[in-house]
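Residue-level listing of the chains:
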Amino acid sequence: VYENNMQRAKLSHQAADAYREKLGWGKREVMVDVDGTPRRLDIADVATRRGVEHKKGYVSRTEDVLSELDRDAKLVKKGWQIEWVFEGTASKPLLEALQAAKITYKFI
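Each chain carries its own residue numbering, running from 1 in the direction its sequence is written. Local features in this predicted model are restricted to residues whose pLDDT is 70 or higher, and side-chain atom pairs enter the listing and the counts only when it is 80 or higher, whereas totals over whole chains, interfaces and linings include all residues. Based on all heavy atoms of the structure, the side-chain values leave hydrogens and waters out of the count.

## Comments concerning the overall build of the protein chain
Numbered from the N terminus, helices here are DSSP runs of H or I no shorter than four residues, and strands are runs of E no shorter than two. Looking only at helices and strands, the protein chain features three helices and five strands. Here the C-alpha radius of gyration of the protein chain, 13 Å, is about what a compact globule of 108 residues would show, namely 13 Å. Partly exposed residues are those whose accessible area sits between 20% and 50% of the maximum for their type, while under 20% is buried and over 50% is exposed, using a 1.4 Å probe and protein chains only. Buried positions account for 37% of the 108 residues belonging to the protein chain. Looking at the protein chain alone, contacts between residues at least 24 apart form 51% of all its contacts between residues at least 6 apart. With C-alpha atoms as the basis for the radius of gyration, the globule rule is written as 2.2 Å multiplied by the number of residues raised to the power 0.38. Contact criterion: two residues are considered in contact whenever any of their non-hydrogen atoms come within 4.5 Å of each other.

As structure tokens, then:
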């Protein structure tokens, strides 16, 4: 299990690195304070207040994912432009939660 998790993490990091290169802006794994709680954005440019959460594979509305979404929703309310990018698929409940939070998303 550990080896599989490590391999998935490595592939996910490589995919996010490649997507950042394609975007041509931002830095990888940027920590942002959200009302006293840290949020690590996969790609971000703090000066222009924009960020990307990059997901690979199937993503559903788990507790961990909802925690990220909640913090991103707070950033959006503070003027950030946050986009979730999926290289794979996402559950309908997750997509509905993103829409409700005014977080844009796309599939690549």
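This is not the end of the story, as more comes after the structure.
## Here we look at the packing of aromatic side chains
The aromatic pairing rule takes the rings of Phe, Tyr and Trp, using the six-membered ring of Trp, and pairs them if the centres are within 6.5 Å, calling planes under 30 degrees apart stacked, those over 60 edge-to-face and the rest tilted. Under the counting rule described, the total for this entry stands at four aromatic pairs. Arranged with centres 6.4 Å apart and planes meeting at 75°, the rings of Phe86 and Tyr105 form a pair that is edge-to-face. On the criterion of sequence distance, the pair formed by Phe86 in strand E4 (residues 81–90) and Tyr105 in strand E5 (residues 104–107) is long-range, its members being 19 residues apart. Relative to Phe107, the ring of Phe86 has its centre 5.2 Å away and its plane inclined at 25°; by these criteria the two rings are stacked.

## Re the sheet that holds strand E2 (residues 37–45)
For two strands to count as paired, DSSP must find a minimum of two bridges between them. What the five strands build is an open sheet, ordered E1-E2-E3-E4-E5; its pairing is mixed. Looking at strand neighbours, the two that pair on one side only are strand E1 (27–34) and E5, the edges of this open sheet. Across this sheet, the average inter-strand angle for adjacent strands is 40°, counted without regard to direction. Pairing of strand E3 (residues 50–59) with E4 involves 10 bridges; the strand directions are parallel. Residue pairing for E4: Lys55 is matched across the bridge by Phe86. Helix H1 (residues 2–23) contacts E1, E2, E3, E4 and E5 of the sheet and is inclined by roughly 140° relative to E3. Only the contacting stretch of a helix is used when fitting its axis, a line to C-alpha atoms as for every element, and angles between N-to-C directions run 0 to 180 degrees. With respect to the sheet, helix H3 (residues 92–100) is in contact with E3, E4 and E5, its orientation differing from that of E4 by roughly 170°.

## What about the environment of Ser67?
Assignment of secondary structure puts Ser67 in helix H2 (residues 63–77). Owing to a relative accessible area of 32%, Ser67 belongs among the partly exposed residues under this scheme.

## Overview of the pattern of salt bridges
When a carboxyl oxygen of Asp or Glu lies within 4 Å of a side-chain nitrogen of Lys or Arg, that pair is called a salt bridge. Inspection of the entire model under this criterion finds 12 salt bridges. The salt bridge partner of Glu21 is Arg20, with a shortest N-O separation of 2.7 Å. For Arg39, the salt bridge identified is with Glu53, shortest N-O distance 2.9 Å. You can see Arg39 sitting in strand E2 and its partner Glu53 sitting in strand E3, a full 14 residues away along the chain. When its relative accessible area of 2% is taken as the criterion, Arg39 is described as buried. Looking at Glu53, the relative accessible area reads 2%, which means it is buried. The network of salt bridges with shared partners includes Arg39, Glu53, Lys55, Glu68 and Asp72.

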